Amino acid sequence: MPDAVFDCIVTGGGHAGCEAAVALARLGHSVLLITGNVDRLGHLSCNPAIGGLAKGHLTREVDALGGMMGLWADAAGIQFRTLNRSKGPAVRATRAQIDRDAYQRAVRKTLFSTPGLRVWQDTVTSVARDGRRGVAVSTSQGLAFAARHVLLTTGTFLDGRIHIGLNSSPGGRLGDAPAIGLSQSLRDMGLSLGRLKTGTTPRILRSSIDCSRLQEQPGETPPPRFSFRGPGPRLRQTSCHITWTNPATHQIIRDALDRSPLFTGVIKGTGARYCPSIEDKIARFPDRERHQIFLEPEGLESAEVYANGISTSLPLDAQEALLRSISGLERCVMVRPGYAIEYDYADPIQLGPTLECREIPGLWLAGQINGTSGYEEAAAQGLWAALNISQALLGRAPFLPGRGSAYMAVLTDDLTTLGTREPYRMFTSRAEYRLLLREDNADQRLTPLGRDMGLVDDAHWRLFRDKERACAALGQALSEIRIPADKRECGIARSRLSLEEILRRPDVDMDRLFHLLDARETQETLAGLVAALAGCDGAARERVLTDIKYAGYLAREKRRVARAAKLENALLPPDINYAKVAGLSLEAREKLSRARPLSLGQAGRIPGVTPAAVGCLEIYLHKLGRLRSQPLGMAPDNE
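The rules behind these values
Along each chain, the written sequence defines residue order, and numbers are assigned to residues from 1. Residues qualify for local features only when their pLDDT is at least 70, as the model is predicted, and side-chain atom pairs are given and counted only at 80 or more; totals for whole chains, interfaces and linings, by contrast, use all residues. By convention in this description, side-chain values take in all heavy atoms of the structure and omit both hydrogens and water. Secondary structure elements are taken from DSSP: a helix is a run of H or I of four residues or more, a strand is a run of E of two residues or more, and numbering for both begins at the N terminus. Two things to know: the radius of gyration comes from C-alpha atoms, and the globule rule equals 2.2 Å times the number of residues to the power 0.38. When accessible area is computed with a 1.4 Å probe and restricted to protein chains, residues below 20% of their type maximum are described as buried, those above 50% as exposed, and intermediate ones as partly exposed. Here, residues are in contact when the closest pair of their heavy atoms is within 4.5 Å. Surface exposure here means Shrake-Rupley accessible area, sampled with a 1.4 Å probe, where a residue is shielded only by the protein chains that are shown. In this tally Asp and Glu are treated as negative and Lys and Arg as positive; neither His nor the chain ends contributes. Charge coordinates come from a single atom per side chain, which is NZ of Lys, CZ of Arg, CG of Asp or CD of Glu. Here a strand pair is declared whenever DSSP counts at least two bridges between the two strands. Only C-alpha atoms enter the line fits that serve as axes; for helices the fit covers just the stretch in contact. Angles between N-to-C directions range over 0 to 180 degrees. Salt bridge, as applied in this entry: a Lys or Arg side-chain nitrogen positioned within 4 Å of an Asp or Glu carboxyl oxygen. Working definition: rings of Phe, Tyr and Trp (its six-membered ring) pair if their centres are within 6.5 Å, and the pair is stacked with planes under 30 degrees apart, edge-to-face with planes over 60 apart, and tilted otherwise. Only when the NZ atom of a Lys or the CZ atom of an Arg is both within 6 Å of the ring centre and within 35 degrees of the ring normal do we say a charge sits over the ring. Throughout this description, the term nonpolar core refers to a set of buried Ala, Val, Leu, Ile, Met, Phe, Trp, Tyr and Cys residues connected via side-chain atoms within 4.5 Å. Throughout this description, any angle smaller than 35 degrees is read as roughly parallel, any larger than 145 degrees as roughly antiparallel, any in the 65 to 115 degree range as roughly perpendicular, and the remainder as oblique. Polarity classes work like this: nonpolar for Ala, Val, Leu, Ile, Met, Phe, Trp, Tyr, Cys and Pro, charged for Asp, Glu, Lys and Arg, and polar for all others, with Gly in that last group. Pairs of N or O atoms are called polar contacts if they sit within 3.5 Å, as long as, within protein, a hydrogen donor faces a hydrogen acceptor (for residues adjacent in sequence, only side-chain-to-side-chain pairs). The pLDDT score gives, residue by residue, the confidence of the prediction method on a 0 to 100 scale.

## Here we look at the overall build of the chain
For the chain, the helix and strand inventory stands at 22 helices and 22 strands. Taking 639 residues into account, the globule formula puts the C-alpha radius of gyration at 26 Å, and the chain, at 26 Å, falls close to it. Projected onto the principal axes, the alpha-carbon positions of the chain cover approximately 80 × 65 × 60 Å. The burial tally for the chain puts 55% of its 639 residues in the buried class. The long-range share in the chain, meaning contacts at least 24 apart out of those at least 6 apart in sequence, stands at 72%. A total accessible area of about 27100 Å² is found for the chain, and carbon and sulfur atoms account for 50% of it. In the chain, 82 side chains carry a positive charge and 71 a negative one; their mean positions are 3 Å apart.

Structure follows, in structure tokens:
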């Protein structure tokens, strides 16, 4: 095997690596996946959960393109919920608690049954280059493998170091060795590396928890799903539980801060802003009397429970004491400690928009090596890189959908345009066109692109086409069927209304619509509606209803997407004083002053700079006479 030349070598068997390796092999390329431990393929190193706010969107997009994470999550999910159900459709998201072992079984089954994909247990220690192309890797077993492209998906393993109290040791995660030597190899090739930190929580013996003192959190029935094409969830569903810290817990933590690697300067890497450790929460929010904790089972047959909300690197005695101060955990038994881990990453601003290194063609990076956090962000990058590697191998144009087409595009654009100095996490607020980028229409947005590139197979494509035809038929029926208007019910003076017009009212859904219908006059006409409804499942009906209710807003966002290209040509003065731009928030001023964007488009991609802030900059440029017409964001919505 060392004598073989592969189309691509993928290093790392985490979520980015597994997604990329399977996609490339399914696209017909020869792939070698090198991982430090074959038994850990697809391992959920931290919380065994998939999805959540914006993360569920990424999972759906991966599936829509023909990727695997949604299928694996459905196969291993033991509790599914829709977050933000009471809010608008743009921010609703699916989250699933996962059976850790079942997920790994699903991943391994796919990897070992995919033609063209070889798996090898080893550790990559260096990457070689030939001129300006990265084409080979060397391993700890003294082997060298050649490839046309190399994709590094190293997770937290690059010179990883684990911290528990003031004790530290090398490790990619607890129980696994780090990747030593590869960091220096990358530096020798000219990449700039930084240091980040993440962490995880203690695991608790399930039988030692007093659930009678906890708040039960059941899942939804029937459970939602991630995959547009698979059979959906099929494991037995279970509940999670909720408890809280208290003043006694907080005092135990404060008393142990002098032995915390975070507060004694031992840890140098930057931690995640939006996922702080419990000791960081106590220090930053001293007035908070309690913090919520979710006790989440690691599997249907697992003896362990994940204590979500108390990530910590405190000493072992402090971890045990703080756990036993919490209601329901007074007699709990800790199975594994929480810990912090520091690791190297490459500032993603060194990458092109395809995730290929700008100065080292043929070398690609995806996942936490790019400074991101989260399984879903990693899987999305892995698939993004794989699709672009395939396009390069085939001599085709790169896969680069715009920010108005996918959360994946927002993620990669943020990383490669702005870089990051802290673990990057995806949020719905980062997507300026999030009403267009809903979970429910991910297939409508992306499945045709996956089909064009060859990753969406015939069975997947038939399901998609059938769904689109059913949605179109339902939309047509709702727009064509007209009934007598009832002023008392509808508040509209016209004599006849289409069902679509009635559904646009905020207080009318499909169920109430039938109550408004006069069966004596419309029974024959409604046969078409009943037939159209029968062809759509609940998710498809919901998408049609959303498109109807938000039609005006969706049209406006589409016009904004079309205008967005003009923002790239609206250059900002290099000496602009953001303190003089009226209407900017303090956060926007600080971030704009630090990043010094070249254009309005680049400014709008800075996290924390909202569309409203970009509008303020447009007005400012217009007053300076640097825009030939009225500010772009001020264009009328009916243009």
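Let us keep going from here.
## Considering the sheet that holds strand β4 (residues 77–83)
Taken together, 3 strands build an open sheet; the order of strands is β3-β5-β4 and the sheet is antiparallel. Strands with a single pairing partner mark the edges of an open sheet, and in this sheet they are β3 (49–51) and β4. Neighbour-to-neighbour, the strand axes of this sheet turn through a mean angle of 20 degrees, independent of strand direction. Sheet topology places β4 next to strand β5 (residues 93–98); 6 bridges connect them, and they run antiparallel. When the bridges of β5 are listed, R81 appears paired with R95. Sitting on the sheet, helix α2 (residues 55–64) is in contact with β3 and β5, with an inclination near 80 degrees to β3.

## Looking at the pairing of strand β16 (residues 292–297)
Bridge count for strand β15 (residues 240–244) against β16 is 4 bridges, and the pairing is antiparallel. In the strand pairing of β16, H241 is matched with L295. Sheet topology places β16 next to strand β17 (residues 304–308); 4 bridges connect them, and they run antiparallel. Bridge pairing links L295 to A307 in β17. Hairpin connection, β16 to β17: the antiparallel pair is bridged by 6 residues.

## A short note on the pattern of salt bridges
Tallying each qualifying case throughout the model produces 36 salt bridges. The shortest N-O distance in the salt bridge between R421 and D347 comes to 3.4 Å. One end of the pair, R421, is in the loop between α10 (407–418) and α11 (442–453); the other, D347, is in the loop between β19 (339–346) and β20 (363–365), with 74 residues separating them in the sequence. Among the residues examined, R421 registers a relative accessible area of 62% and is labelled exposed. Here D458 makes a salt bridge to R451, at a shortest N to O gap of 3.0 Å. Judged by its relative accessible area of 45%, D458 falls in the partly exposed class. Look at R451 and you get partly exposed, because its relative accessible area is 27%. Each of the salt bridges in this network shares a partner with another, and the network as a whole consists of R403, D413, D414 and E432.

## Here's the deal with the sheet that holds strand β12 (residues 193–200)
Taken together, 4 strands build an open sheet; the order of strands is β11-β10-β19-β12 and the sheet is antiparallel. Strands with a single pairing partner mark the edges of an open sheet, and in this sheet they are β11 (167–170) and β12. Direction aside, neighbouring strands of the sheet carry axes that sit 25 degrees apart on average. Inspection of the sheet shows strand β10 (residues 161–164) paired to β19 by 3 bridges, in the antiparallel sense. Counterpart to H163 in the pairing with β19 is A340.

## Concerning the packing of aromatic side chains
A full pass over the atoms with the stated rule returns 5 aromatic pairs. Plain terms: the ring middles of W72 and Y103 are 6.3 Å apart, the flat faces sit at 80 degrees to each other, and that makes the pair edge-to-face. Taken together, the positions of W72 in helix α3 (residues 69–76) and Y103 in helix α4 (residues 100–113) put the pair 31 residues apart, joining distant regions of the chain. The ring of F228 carries the charged tip of R60 above its face, separated from the ring centre by 4.5 Å.

## Digging into the nonpolar core
Formed by 101 residues in total, the largest nonpolar core has its most connected members in I50, Y103, L151, L186 and L363. When residues of this core are assigned to their parent elements, the largest contribution, 11 residues, is made by helix α9 (residues 375–393). L151 has contacts with C8, I9, V10, T11, A20, W364, L365, A366, A385 and I389, leaving out every residue within four places of it along the chain. Core analysis: the second largest hydrophobic core is formed by 23 residues, A470, L503, V508 and C536 among them.

## Notes on the packing of helix α6 (residues 247–255) against helix α8 (residues 316–324)
Contact geometry for α6 and α8: axes closest at 8 Å, N-to-C directions at 170 degrees. When the axes of α6 and α8 are compared, the pair comes out roughly antiparallel. Along its contact with α6, which presents T249, I252 and I253, the element α8 presents A318, A321 and L322. The class makeup of the residues in the contact of α6 with α8 is 5 nonpolar, 1 polar and no charged.

## Let's talk about unusual backbone geometry
Residue P222 is bonded to the preceding T221 through a cis peptide linkage, with omega at -5 degrees. The topology assignment puts P222 in the loop between β14 (215–217) and β15. A positive phi angle, near 70 degrees, is found at A54, a position not held by glycine. By secondary structure assignment, the location of A54 is in the loop between β3 and α2. Even without a glycine there, the phi angle at N84 is positive, about 60 degrees. For N84, a relative accessible area of 23% puts it in the partly exposed group.

## Regarding the environment of D507
Structurally, D507 can be placed in the loop between α14 (499–503) and α15 (510–516). A polar contact is formed between the side chain of D507 and the side chain of R512, at a distance of 3.1 Å.

## Description of the confidence of the model for the chain
In the predicted model, the chain carries a mean pLDDT of 90, and the fraction of residues at 70 or more is 93%. Contacts from residues 629–639, a stretch scored under 50 in pLDDT, to residues over four places away or in other chains number 22 contacts.

## Thoughts on the pairing of β17
Here β17 lies mainly inside the structure; 4 of its 5 residues are buried. With 3 bridges connecting them, strand β13 (residues 203–205) and β17 associate as antiparallel partners. Looking at the pairing, R203 lines up with Y306 of β17.

## Looking at the side chain of D347
Judged by its relative accessible area of 10%, D347 falls in the buried class. Here T420 takes part through its backbone nitrogen, which lies 3.4 Å from a polar atom of the side chain of D347.

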